[in-house]
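Overview (structure and organization)
Single-letter residue listing:
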Amino acid sequence: MKYVDEFRDPDLGRTLSREILATVEPGRHYKVMEVCGGHTHAIYKYGLDDLLPDCVELVHGPGCPVCVIPMGRVDDAIAIAHQPGVIFTCFGDMVRVPGSQGSLLEAKARGADVRMVYSPLDALRIARANPDREVVFLAIGFETTAPSTALTLKRARAEGVENFSCICNHVTIVPPLRALLESPDLRLDGFIGPGHVSTVVGARPFQFIPSAYGKPIVVSGFEPLDVLQGVHMVLRQLAEGRCEVENQYSRVVPYEGNPRALAVMEEVFALRPHFEWRGLGFISQSGLRLSDAYADLDAEQRFAVPGVRVADPKACQCGEVLKGVIKPWECKVFGTACTPERPIGTCMVSSEGACAAYYNFGRFAREREVV
Amino acid sequence: MTSTRSPVSDREQRVLGIIETARAKRAKFRDKQVTMAHGAGGKATQGLIEGVLVPAFASEAQAQLADAGSVEVDGARLAMTTDSFVVKPIRFPGGSIGELAVNGTVNDLAMAGARPVALTLSMILEEGLDAVTLREEVASIAAAAQAAGVEVIGGDTKVVERGHCDQMYLCTTGLGYTDPRASLSPAALRPGDRVLVSGPIAQHGTAIMLARGEFELEAHIESDTQPLWPAVDALLDAAGPSLRCLRDATRGGVASVLNELARASGVAIVAREGDVPIAPAVAGAAEILGIDPLYVANEGRFVTFVGPEGVDDALAALRAVPGCEGAVEIGEVRTEPPGMVLLETAFGGRRVLDQLVGDPLPRIC
């Protein structure tokens, strides 16, 4: 595939791998967090761990928008999906995320009309095609997906589609990073910054990470060579004693972001005073709701939702895993009460979560010298 | 990297041990109701079969409850199988539900090393189904049966109210004669065996996804549906004694077949991503949709496990069969880690190629 294969060249991968090995300081252990779930996915999909020296440990961060949705919000979504006449639409990987009473997939089996869409515009199309039904879109994601939700709501307004509404779970990237960095027990040397979020917000918002917290960050793309080069750039900053925001993904990410996307978000969304993150707790000003001008398209106002907060299970230590304080297997419920089939915590929910990955691949990682 | 990893602590070892034990146990069915994941061919399907069906029906002779079972009648070894077809849409590029209903069932027989002999056909029709559609599908069943060398010798029809089925559901039961050259078992894989696929993968599933028209993607991709007995016949001739097992890579795709057999034989399977044949249009569609072709369904592709001494003969025989010209070797069987499938990625890394959990769902980012 043209424009894809160039970024998956195994020879260049080996070259980068050698350069990374030459950059690390003997005897030093590096913990680098890739913030975004898309990076975690690329790391597993291409087996990038194999191309890194053992002293470079990648810590999977909180940037998987599916994993961080708290159970109470899933319960609200399911309550709306069960209302008579509702067609409930959401992205594919959201349907398996468990609430306190099961997932949307199970709600579908109990009779709710749950449909998977690739774009919020598909949900709007379903609304147009079914004028006698209420069509609700479950909006999730960071600034990556928020502009497409915003555009869809603007279009619904412009076309006067009245049977469409949106339950907004959009979150912003900076507050959880700040919360992580504020944590006194944090053990990270640097960050691989989120690529797709940055196409919208730019690289500028991450300036506080080097300036206030003294950690390097490299905004990186999602092809295997992008990720390896991002890791190399972080390690090189550490080796050279530099600490700054660098942009590996300059073919897509402008430093100032995308002003039009930011403007449409500004119009359609407003900050919530605080929002709950699974595994991380409440983080102030980290979530978006629909702005007052769009309140009539807000499903949380159109439908009665329970709005009950469901506490993360006490034994779950996802927060510590996310901060790199403990390893997945050190959690009290790992592999016993909490498994990929029956997840308790955020890190076990998606196959990209640190715990699910360790559950599935950990043994292999330990045994690969003998393979 | 050749450097050694940090030693495993006792506690970590214990946790890993708990996971291994849990994995080795027979899958359970603990769900409150059936969800679409139970039909996707991954872990949930395994839970349904091993947790509900095996305890009810398995015997010492048929411990596996595979797609096809075998019985001996007056010295003749017969294989029997049944399959239902609920594909939507019923017509798609490269085939239709009628053709699938024949090929799916004769292929389950062929994979058991049995020459298909006869089929019965059960049709569930939706009130209001267009007569032209009905006639066309019956004609396509007849044509596919003739092409596969089987007769349709009986059947049943039912009509349900509008909305209670989607146009038509078909169920076929197949009877076959077990070929004396075949000695196949999912538990027969040995370290050193090679893994072959019979041609480019993931075409059927991709063709169906695009035919549903939900993605506004256009590509010329046709289903790979075809009867596989001619290919099996040629394989048995060329490499009979070194053939270990055959599996058509239907629901859950090639990855699910490899996982099933790694578990059944207690071996590791290492597949080489760069050697897996995928047509450019299929690879492109999968890339855009965020779906891994290794998990996408096929209806006329199968995986052959063959001892190293028979690889060349098996490949030559397969490639001489129409529809299997693209057969290649994609991996091999190893000892460690037992029950797992590893993928050497085209980029030069390695990862576990796990069983599918639920449907292959696209990721949002």
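Counting restarts for each chain: residues are numbered from 1 in the order of the written sequence. Here every chain gets a letter starting at A, and every ligand a number starting at 1, in the order they are written. Selection of residues for local features in this predicted model requires a pLDDT of at least 70, selection of side-chain atom pairs for listing and counting requires 80 or more, and totals for whole chains, interfaces and linings are taken over all residues. To get the side-chain values, take all heavy atoms of the structure and skip hydrogens and water.

Remarks on the overall build of chain B
Summing up its helical and strand segments, chain B has nine helices and 14 strands in all. Across its three principal directions, the C-alpha atoms of chain B cover 70 × 55 × 45 Å. The contact definition used throughout considers only heavy atoms, calling two residues in contact when any of these lie within 4.5 Å. Across chain B, the fraction of contacts at a sequence separation of at least 24, relative to all contacts at a separation of at least 6, is 81%. A total accessible area of about 16400 Å² is found for chain B, and carbon and sulfur atoms account for 53% of it. His is not counted, nor are the chain ends, whereas Lys and Arg count as positive and Asp and Glu as negative. Charge positions are represented by NZ for Lys, CZ for Arg, CG for Asp and CD for Glu. With 32 positive and 47 negative side-chain charges, chain B shows a separation of 8 Å between the mean positions of the two kinds. Secondary structure elements follow DSSP: runs of H or I no shorter than four residues count as helices, runs of E no shorter than two count as strands, and numbering proceeds from the N terminus. Note on areas: Shrake-Rupley, 1.4 Å probe, and residue coverage restricted to the protein chains presented here.

Notes on the side chain of T149 of chain A
Tracing the sequence through the fold places T149 of chain A in helix α6 (residues 146-159). In contact with T149 of chain A, other than residues within four places in its own chain, are P120, F137, A139, C166, H170 and F269 of chain A.

Overview of the pairing of strand β10 (residues 268-272) of chain B
Look at any regular strand and the pattern is simple: side chains alternate between the two faces of the sheet. Residue and element names in this part refer to chain B. Accessible area is worked out with a 1.4 Å probe on protein chains only. A residue is then buried under 20% of its type maximum, exposed over 50%, and partly exposed in between. Along β10, four of the five residues are buried, which leaves the element largely enclosed by surrounding structure. Two strands pair when backbone bridges link them, and β10 and strand β12 (residues 328-334) are joined in this way by four bridges, in the antiparallel orientation. Residue V270 lies in a different strand from β12, and its bridge partner there is E332. Following DSSP output, two strands are said to pair if at least two bridges run between them.

So, the packing of aromatic side chains
Residue and element names in this part refer to chain A. Centre distance within 6.5 Å is the pairing criterion for rings of Phe, Tyr and Trp, where only the six-membered ring of Trp is used; planes under 30 degrees apart are then read as stacked, over 60 as edge-to-face, and the remainder as tilted. Enumeration according to the criterion identifies seven aromatic pairs over all chains in this entry. Note on F334 and Y359: the rings are 6.2 Å apart at their centroids and 70° apart in plane angle, and the pair reads as edge-to-face. With F334 in the loop between α13 (318-322) and α14 (346-349) and Y359 in helix α15 (residues 354-367), this pair connects stretches of sequence that are 25 residues apart. In this pair, the class of F334 matches that of Y359, namely buried. Among the aromatic residues, those joined into a cluster by ring pairs are F334, Y358 and Y359. We note R178 situated over the ring of F208; from NZ or CZ to the ring centre the distance is 4.2 Å. Only when the NZ of Lys or the CZ of Arg is both within 6 Å of the ring centre and within 35 degrees of the ring normal is a charge said to sit over the ring.

Considerations on helix α6 (residues 229-239) of chain B
Buried residues of α6 of chain B: W229, A231, V232, A234, L235, L236 and A239 of chain B, and no others. Contacts made by the buried residues of α6 of chain B are with α3 (97-111), β5 (114-126), β9 (243-248), β11 (302-306) and α9 (311-319) of chain B.

What to know about the packing of α6 of chain B against α9 of chain B
Residues and elements named next belong to chain B. Angular values range over 0 to 180 degrees, each being the angle between N-to-C directions of two axes fitted as lines to C-alpha atoms, with helices fitted over their stretch in contact. At a minimum axis separation of 8 Å, α6 and α9 run at an interaxial angle of 150°. Classified by the angle between their axes, α6 and α9 sit roughly antiparallel to one another. Where α6 crosses over α9, the two elements pack in a sense that is right-handed. From α6, A231, A234, L235, A238 and A239 reach across to α9, where they touch D313, A314, A317 and L318. Put simply, angles under 35 degrees are roughly parallel, angles over 145 are roughly antiparallel, angles from 65 to 115 are roughly perpendicular, and the rest are oblique. A clockwise turn of the near helix away from the far one marks a right-handed crossing, whereas an anticlockwise turn of less than a right angle marks a left-handed crossing.

Quick look at unusual backbone geometry
Residue and element names in this part refer to chain B. With omega at 0°, the peptide bond leading from K88 into P89 counts as cis. Among the structural elements, P89 can be located in the loop between β2 (76-85) and β3 (91-92). Backbone torsion omega between E336 and P337 reads -10°, so that peptide bond is classified as cis. Assignment of secondary structure puts P337 in the loop between β12 and β13 (341-344). Its identity is not glycine, yet D74 carries a phi of approximately 50°, on the positive side. By the secondary structure assignment, D74 is in the loop between β1 (68-73) and β2. By relative accessible area, which is 82% here, D74 ends up exposed.

Looking at the environment of I201 of chain B
Residue and element names in this part refer to chain B. Mapped onto the fold, I201 is located in the loop between β8 (194-197) and α5 (203-211). In this structure I201 comes out as buried when scored by relative accessible area, which is 1%. Residues I201 and V296 lie 95 residues apart in sequence; the distance between their C-alpha atoms is 8.0 Å. If we ignore the near neighbours within four places in the chain, the residues touching I201 are V254, V276, P277, I278, V282, P293, L294 and N298.

Quick notes on the domain arrangement of chain A
All names here are of chain A. An automatic or database domain assignment is the source of the domain bounds shown. What the domain assignment lists for chain A is domain 1 (1-309) and domain 2 (318-363). A C-alpha centroid distance of 19 Å is found between domain 1 and domain 2. In this assembly, 25 residues from domain 1 lie in contact with 17 residues from domain 2. The term salt bridge refers to a side-chain nitrogen of Lys or Arg lying within 4 Å of a carboxyl oxygen of Asp or Glu. Taken together, the connections running from domain 1 to domain 2 amount to zero salt bridges. Polar contacts, as used here, are pairs of N or O atoms within 3.5 Å; protein pairs need one atom able to donate a hydrogen and one able to accept it. Residues neighboring in sequence count only if both atoms are side-chain atoms. At the junction of domain 1 with domain 2, the criterion picks out zero residue pairs in polar contact (both at pLDDT 80 or more).

Some details on the sheet that holds strand β3 (residues 86-90) of chain A
All names here are of chain A. Taking strand neighbours across the sheet as the criterion, the four strands line up as β4-β3-β5-β6 in an open arrangement whose pairing is parallel. Only two strands of the sheet have a single neighbouring strand rather than two, namely β4 (113-116) and β6 (164-170). When strand polarity is set aside, the average angle formed by the axes of neighbouring strands in this sheet is 25°. As paired strands, β3 and strand β5 (residues 134-141) are joined by four bridges and run parallel to one another. Note on β5: the bridge partner recorded for V86 is E134. Those strands touched by helix α3 (residues 71-81) are β3, β4, β5 and β6, and its axis lies near 170° from that of β6.

Let's talk about the pattern of salt bridges
By the definition in use, this model includes 39 salt bridges over all chains. Note that E25 of chain A and R28 of chain A form a salt bridge whose closest N and O atoms lie 4.0 Å from each other. Between R91 of chain B and E136 of chain B there is a salt bridge whose closest N-O contact spans 2.9 Å. In this pair, R91 of chain B sits in strand β3 while E136 of chain B sits in helix α4 (residues 131-148), placing the two residues 45 residues apart along the sequence. Where salt bridges share partners, they join E240, R242, E244 and E246 of chain A into one cluster.

Quick notes on the sheet that holds strand β7 (residues 190-193) of chain A
Adjacent strands of a sheet form backbone hydrogen bonds with each other and so pair up, either parallel or antiparallel. Residues and elements named next belong to chain A. Reading across the sheet, the five strands line up as β2-β1-β7-β8-β9 and stay open at both edges, with parallel pairing between neighbours. The open sheet has two free edges, formed respectively by β2 (56-63) and β9 (245-247), since each of these has just one partner strand. Ignoring strand direction, the axes of neighbouring strands in this sheet form an average angle of 25°. Inspection of the sheet shows β7 paired to strand β8 (residues 217-219) by three bridges, in the parallel sense. When the sheet's bridge partners are listed, F191 is paired in β8 with I217. In the packing of helix α2 (residues 37-45) onto the sheet, contacts are made with β1 (30-36), β2 and β7, and the angle to β1 comes to roughly 120°.

Quick word on the nonpolar core
Looking at soluble globular proteins, one finds that nonpolar side chains tend to be buried together. Residue and element names in this part refer to chain A. Residues grouped as a nonpolar core are buried Ala, Val, Leu, Ile, Met, Phe, Trp, Tyr and Cys residues, joined through side-chain atoms within 4.5 Å. Ranked by internal contacts, the top residues of the largest apolar core, which has 86 residues, are F88, M94, L104, L138, F164, F191 and F269. Considering each element in turn, this core owes the most residues, six residues, to β5. When near neighbours in sequence (up to four residues on either side) are disregarded, F269 contacts A146, T149, A150, C168, H170, L288, R289, L290 and S291.

Overview of empty space enclosed by the protein
Residues and elements named next belong to chain A. In this analysis, the protein atoms alone were mapped onto a 1 Å grid. Cavities are point sets where a 1.4 Å probe fits without being able to get out; pockets are open sets with protein on both sides within 12 Å along at least five of seven lines; lining residues have an atom within 4 Å of a point. Grid points are joined across faces, edges and corners, and a volume is the space filled by probe spheres set on the points. The full count for this structure, using the stated rule, is five cavities of 30 Å³ or more. Taken as a whole, the largest cavity encloses approximately 100 Å³ of empty space. The wall of the largest cavity is formed by 15 residues, among which G61, C64, C67, L322 and G353 lie closest to the centre. Looking at the lining of the largest cavity, the elements that each hand over two or more residues are α2, β2 and α14.

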